[in-house]
Amino acid sequence: MGVVSRGPAETRRTGQVELPERIRSPWWELGRRLLLALGILVGTVLLVYLDREGYRDTGDATPGDPNGTVTLVDAIYYTTVTLSTTGYGDIAPTSDGARLVNAFIITPARIGFLVLLIGTTLEVLAQRSRELFRIARWRNNMGHHVVVIGYGTKGRSAVETLVNNGLDREHVVVVDPSPVALSDAHADQLAVVTGDATRRGVLQRAGVAEADQVIITTGRDDSNVLAALTVRQLNPDAWIVAAVSEQENAPLMRQSGADSVITSSDAVGRLLGLSTLSPTLGTVMEDLLTYGEGLEVAERDLLVTEVGMPPQSLPDQVIAVVRDEKVYRYFDPVVTLLARGDRLIVVRPAKELPWAPRPGTHDEDFATDDG
C-alpha cells in the first residue's frame, strides 16, 4: 500500500487538509502511462515499417517511384497522424494485409493511445474532485476526535498509545507544517492539516473546536504555549495535554490552558538517574513506560463488589484513587475505604486493556454514582 506524494512543501497551502491515500504515487501512474503510450507509438511505427510494401505514399510519388516507397520517417509520420486521428491521407494502406492490420491492430492501438492520454487528464481532475469529496465527508463526520499538534517522536508515540488502546485512526488529526511529518502521518494512515498550529485558521481546519482532546508536542516550548492559548480560546472544554522541555515552563503552560503538562527532559533525566542508582528500578520504570510488555499503569472503574474495601485489599495493585476529579494516593486517609464513583489507578499485566476490570471479572457491575 503506497502513499500519495504531495509534491514540494512550498506548493501546499497553509492549513490544507490532506487525508491518507491508498493508491500509488501519481507520478508513478503518470510515468507508467507515458511508457505505455510510447510503447504503442514505437510498436505501431515498427508494424508499419515492416509492412511498408503494403502502403503507398502519394505525397512522395515520383516518375521513378510511382507508388511512393514508405521510409522509416514516413512510418513515424504515418503513425503519429494516425494515432492522433489527424489522418491527412497522403500515406494509405494499399494491400489487403496492410488494411487488415490497420483494422484489427492499429485502430485498437489508436483507441488505446487516446484513452491513455485523455484518461490521464480525466483522472487528474477526478482525483482532485474525489479528494475534495473525501475532505467534505471527513469534516461532516469529524467531532469528538483527538488533535495532535506536532508529529515528531513524542507525537507518534502518543498516537500509537491511543491506537493501541482502542482509538480509531480516523479519529486522529495531525497538525504539523513539516513535509517529513506529513509523510510519516500519511504512512500511518492519519489525516493531516498542514500548517502552523499557532494560527487560528489552521486549528479551525483541524476541527479543534469539536475535539475532545488536544495533544501538543511541538519541539519548542514557546510554540507549545501559544498553541495551548489558541486551542483554549477555540475550545474551552477540550482536555489539553502538552509537553515542555524545561520544568520552568510548566507553570506557564498550565496558565495557558493545558490540563496536563509533561516535562520531557526532567522525566528522561529522572529515569537516567534511577537507572544509574538502581538498574533494576530503572528496568521496572522502563517496563511501565513500554506499551504491550510486562506491566502497565491503567485506570479502571470500581466494581460493585469492591465498594467499602480498602485499596490495599484489592487483587489489583492500586496506586491511586480518583474521587471527585481529584487524585489521592492509595494510602491517603481520604480514601481509606472505596466508595461509589471512585476510579482506580492500578498496575496490571500489559495484556489487559487499561479500562477493563481484572481478568475474570469482566461481567461484574461497575460501582458508579448512577449505578
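Note that the coordinates shown come from a computational prediction; the quantities given were computed from them, not determined experimentally. (Residues numbered from 1 in each chain as written. Predicted model: local features only at pLDDT ≥ 70, side-chain atom pairs only at ≥ 80, totals over all residues. Heavy atoms only, no water.)

1. Some details on the pairing of strand β9 (residues 260-263)
Alternating residues of β9 divide into Val261 and Thr263, all buried, and Ser260 and Ile262, none buried. Bridge analysis of strand β8 (residues 239-244) against β9 gives 4 bridges, and the strand direction is parallel. Its bridge partner lying in β9, Val241 is registered against Ser260. Tracing the backbone out of β8, into helix α8 (residues 250-255) and back to the parallel element β9 gives a crossover that is right-handed. (Buried < 20%, exposed > 50% of the residue type's maximum accessible area, 1.4 Å probe, protein only. Helix = DSSP H or I, 4+ residues; strand = E, 2+ residues; numbered from the N terminus. Pairing = 2+ DSSP bridges. Right-handed = clockwise from strand over helix to strand, strands pointing away.)

2. Thoughts on the sheet that holds strand β12 (residues 326-329)
Across the sheet, which stays open at both edges, the 4 strands sit in the order β10-β13-β11-β12 with antiparallel pairing between neighbours. Of all strands in the sheet, those with a lone pairing partner are β10 (295-301) and β12, marking the two edges. The mean inter-strand angle of the sheet, taken between neighbouring strand axes irrespective of direction, is 30 degrees. As judged from the 5 bridges shared by strand β11 (residues 317-323) and strand β13 (residues 343-349), these two strands associate in the antiparallel manner. Paired with Val321 across the two strands is Leu344, which belongs to β13. (Axes fitted to C-alpha atoms, helices over the stretch in contact; angles between N-to-C directions.)

3. Some details on the pattern of salt bridges
Per the stated rule, a full pass over the model turns up 9 salt bridges. Across the pair Asp222 and Arg220 runs a salt bridge whose closest N-O atoms are separated by 2.6 Å. In this structure, the salt-bridge partner of Asp301 is Arg343, at a minimum N-O distance of 2.0 Å. Of this pair, Asp301 sits in strand β10 while Arg343 is found in strand β13, placing the two residues 42 residues apart along the sequence. (Salt bridge = Lys/Arg side-chain N within 4 Å of Asp/Glu carboxyl O.)

4. Here we look at the UniProt feature "transmembrane region" (unreviewed entry) in the chain
The UniProt record marks residues 34-50 and 103-125 with the feature "transmembrane region" (unreviewed entry), using the residue numbering of this structure. Helix makes up 100% of residues 34-50 and strand 0%, whereas the separation of the span's terminal C-alpha atoms amounts to 24 Å. (UniProt positions renumbered as here; feature names shortened; annotations may be inferred.)

5. Quick notes on the nonpolar core
Counting 27 residues, the largest nonpolar core has Val147, Ile149, Val175, Val208, Val214, Ile216 and Met253 as the members making the most contacts within it. At the level of elements, β4 (146-149), β5 (172-175), α6 (200-205), β7 (213-216), α7 (221-234), β8 and α8 are the ones that each hand at least two residues to this core. Ranked by residues supplied to this core, first place goes to α7 with 5 residues. Leaving out residues up to four positions away in the same chain, Ile216 has contacts with Ile149, Asn224, Ala227, Ala228, Ile240, Val241, Ala242 and Ala243. (Core = buried A, V, L, I, M, F, W, Y, C linked by side-chain atoms within 4.5 Å. Contact = heavy atoms within 4.5 Å.)

6. Describing a nonpolar patch on the surface
Side chains of Leu35, Leu38, Val42, Leu46 and Leu50 sit close together on the surface and give an oily, nonpolar patch of about 520 Å² of accessible area. Following the sequence through the fold, Leu38 ends up in helix α1 (residues 26-50). (Patch = residues over 30% accessible without salt bridge, like charges linked within 9 Å, V, L, I, M, F, W, Y side chains within 5 Å. Areas by Shrake-Rupley, 256 points an atom, 1.4 Å probe, with all protein chains shown as cover.)

7. Structural notes on helix α5 (residues 179-187)
Along α5, the residues classified as buried are Ala181, Leu182, Ala185 and His186. In an axial view of α5, the angular spread of the buried residues amounts to 130 degrees, which keeps them on one side of the axis. Taking the backbone nitrogen of Val180 as reference, a side-chain oxygen 3.1 Å away marks Ser178 as the first, capping residue of α5. Downstream of α5 by a residue or two, Gln189 has a phi angle that is positive, lying close to 60 degrees. (Arc of directions from axis to C-beta. Polar contact = N/O pair within 3.5 Å; in protein donor to acceptor, adjacent residues only side chain to side chain.)

8. A short note on the pairing of β5
Side chains of β5 alternate between two faces, with Val172 and Val174 and Val173 and Val175 buried alike. Taken together, the 4 bridges between β4 and β5 define a ladder with parallel strand orientation. Paired with Val148 across the two strands is Val174, which belongs to β5. Each parallel crossover has a hand, and the one from β4 via helix α4 (residues 153-164) to β5 is right-handed. The parallel pair β5 and strand β6 (residues 191-194) is bridged by α5, and the resulting crossover is right-handed.

9. As for the packing of aromatic side chains
Under the counting rule described, the total for this entry stands at 2 aromatic pairs. Between the aromatic rings of Tyr55 and Tyr78, the centroid separation amounts to 5.4 Å while the plane-to-plane angle is 65 degrees, which identifies the pairing as edge-to-face. Taken together, the residues Tyr55 in strand β2 (residues 55-57) and Tyr78 in helix α2 (residues 72-83) connect sequence positions 23 residues apart. Across the pair, Tyr78 and Tyr55 agree in class, each one buried. (Phe/Tyr/Trp six-rings, centres within 6.5 Å; stacked < 30°, edge-to-face > 60°.)

10. Considering unusual backbone geometry
Of note in this structure, Gln189 is not a glycine but carries a positive phi near 60 degrees. One non-glycine residue, Glu325, lies in the positive phi region at around 65 degrees. With a relative accessible area of 76%, Glu325 lands in the exposed category.

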